[in-house]
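# A closer look at the structure
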Amino acid sequence: MGCNRNCGLIAGAVIGAVLAVFGGILMPVGDMLIEKTIKKVQEVVLEEGTIAFKNWVKTGTDVYRQFWIFDVQNPDEVTVNSSKIKVKQRGPYTYRVRYLAKENITQDPETHTVSFLQPNGAIFEPSLSVGTEDDTFTILNLAVAAAPQLYPNTFMQGILNSFIKKSKSSMFQNRTLKELLWGYTDPFLNLVPYPITTTIGVFYPYNNTADGIYKVFNGKDDISKVAIIDTYKGRKNLSYWSSYCDLINGTDAASFPPFVEKTRVLQFFSSDICRSIYAVFGAEINLKGIPVYRFILPSFAFASPFQNPDNHCFCTEKIISKNCTLYGVLDIGKCKEGKPVYISLPHFLHGSPELAEPIESLSPNEEEHSTYLDVEPITGFTLRFAKRLQVNMLVKPAKKIEALKNLKHNYIVPILWLNETGTIGDEKAEMFRNQVTGKINLLGLVEIVLLSVGVVMFIAFMISYCACRSKRVN
């Protein structure tokens with residue numbers, strides 16, 4: 001009987017060991033099955049006829065772009081005495097964007113790429129806004145501020161000054177939200193007897209335009225390149241600038257190649273800032289029951305070329321940039337037809353102290369003003385994002401232009417900041433949980449249960465066996 005009992009204990013221990021080993025083996029096997037399944041789906045993610053392709057052509061997620069306008073409170077003091085600019089943030093004013101389907105979609109089977117146009121459109125959302133598109137703001141006069149930069153010759157500035165005075169334009173102007181964002185006929189430019197564009201606006205032209213021609217890899221031959229941009233032809237001067245500076249990398253941030261690890265640096269292109277930028281891992285987040293990795297835009301991305309050599313293309317001169325040591329802003333004038341436009345994080349977050357010094361009432365806040373992407377690591381899909389940027393314009397003293405002649409120093413004036421956001425909807429989140437994370441979690445649970453039960457059984461039977469042996473010896 002003792003022999004039988006010993007045999008039973010040994011058999012139990014063996015079974016426990018087998019379960020433990022099987023559970024351990026199942027883990028890498030399970031990972032392989034997950035990888036194989038995702039790859040099978042991802043290989044056709046940008047191939048016509050798949051659900052993924054359909055969602056790529058037209059996003060099913062509502063994307064909103066919120067604007068906060070910096071309303072100048074003391075325009076006369078600044079113009080006459082070169083005082084600090086007092087601003088009051090007003091917003092949000094919300095538009096729905098990215099609701100139009102991609103157009104001119106063309107597959108290239110030889111290069112495994114797909115090219116397309118991304119139409120632009122914006123629909124005002126009154127219920128998500130603090131006011132209407134007719135709300136008026138006192139803002140920098142975009143045309144007057146750009147004149148010294150576009151025409152540094154003093155003789156030419158003298159000629160332009162006559163048009164500025166005749167049009168009764170000054171350093172600041174009153175404009176409605178709709179005019180500021182989408183365009184208005186400038187009275188000063190309207191008098192210039194040269195063939196120039198007289199309609200200007202921060203995002204003019206936008207509606208009924210396209211955000212360039214993109215060509216991305218469809219992932220059919222190499223899953224690690226799916227959705228990565230191959231070429232982009234869009235804004236004037238961007239192609240040469242970006243080729244020289246290697247500024248078009250990564251995806252459009254809607255998705256990334258699958259199996260995202262925390263150590264990966266996610267690169268994505270944004271035509272708003274005329275370059276690719278990157279995000280690094282910040283935290284693990286649970287989004288509607290789906291585990292995601294939050295990747296954040298680091299302060300180093302807006303560092304000075306002295307600190308971050310990758311930003312050398314955004315140091316175009318030595319005076320404004322203080323010999324390329326100024327940080328927190330990027331000069332994107334080269335892809336804005338020479339206009340002195342600077343991009344930063346809202347309220348000059350992570351910027352040099354001297355940027356905010358001549359501007360009153362700025363309050364940079366990491367939580368409200370940082371950019372992040374919440375990426376599901378297995379598929380690489382971005383399920384939530386917040387892209388936050390500030391549009392600024394440089395204005396310099398100009399002795400030949402009366403509206404600017406009293407300025408004692410340069411200003412990088414904040415015009416507005418935006419927050420473009422999108423979050424996976426409840427219905428799609430449930431579908432994602434059922435089709436992806438649910439199955440993965442179930443497989444992971446089976447692995448853990450088998451491993452745990454096997455280890456417990458092995459230990460329990462070995463303890464019993466040792467106890468039995470001890471009694472027999474005694």
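See above for the structure.
Source: prediction; values computed, not measured.

Evaluated as defined, the whole model comprises 2 disulfides. Bridging Cys274 to Cys335, the disulfide has an S-S length of 1.8 Å. Here the disulfide of Cys274 and Cys335 is right-handed, its torsion about the S-S bond being about 70 degrees. In this pair, Cys274 is assigned in the loop between β12 (266–270) and β13 (275–287) and Cys335 in the loop between β15 (329–331) and β16 (341–344), connecting sequence segments 61 residues apart. Just as Cys274 is buried, Cys335 falls in that class too. Disulfide pairing is shown between Cys315 and Cys324; the S-S distance is 1.9 Å. Taking the sign of the torsion about the S-S bond as the criterion, the disulfide between Cys315 and Cys324, at about -80 degrees, is left-handed.

Time to look at the pattern of salt bridges. Working definition: two side chains of opposite charge can pair if their charged atoms are close together. Inspection of every chain in the model, using the stated rule, returns 15 salt bridges. For Lys84, the salt bridge is made with Glu357, and the minimal N-O distance between the two is 3.7 Å. Here Lys84 is found in the loop between α3 (75–81) and β2 (85–97), whereas its partner Glu357 is found in the loop between α8 (353–356) and β17 (359–360), with 273 residues between them in sequence. Given a relative accessible area of 38%, Lys84 falls into the partly exposed group. What makes Glu357 partly exposed here is its relative accessible area of 47%. Two residues, Glu284 and Lys262, come together in a salt bridge whose shortest N-O distance is 2.4 Å. Of this pair, Glu284 sits in strand β13 while Lys262 sits in the loop between α7 (238–245) and β12, and the two are 22 residues apart along the sequence. On the basis of relative accessibility, which here comes to 52%, the residue Glu284 falls in the exposed class. Several salt bridges converge on common partners, so that one network encompasses Arg65, Arg98, Asp272, Lys387 and Glu420.

Next up on the list: the pairing of β16. Side chains Val341 and Ile343 project from β16 onto one buried face, and the interleaved Tyr342 and Ser344 project onto a second face that is buried too. Across 3 bridges, the pairing between β15 and β16 is antiparallel. Looking across to β16, one finds that Leu330 is bridged to Ile343.

Cut-off values and rules
Residues numbered from 1 in each chain as written. Predicted model: local features only at pLDDT ≥ 70, side-chain atom pairs only at ≥ 80, totals over all residues. Heavy atoms only, no water. Disulfide = S-S within 2.5 Å. Helix = DSSP H or I, 4+ residues; strand = E, 2+ residues; numbered from the N terminus. Buried < 20%, exposed > 50% of the residue type's maximum accessible area, 1.4 Å probe, protein only. Salt bridge = Lys/Arg side-chain N within 4 Å of Asp/Glu carboxyl O. Pairing = 2+ DSSP bridges.

Geometric descriptors of this kind do not, in isolation, establish any biological role.
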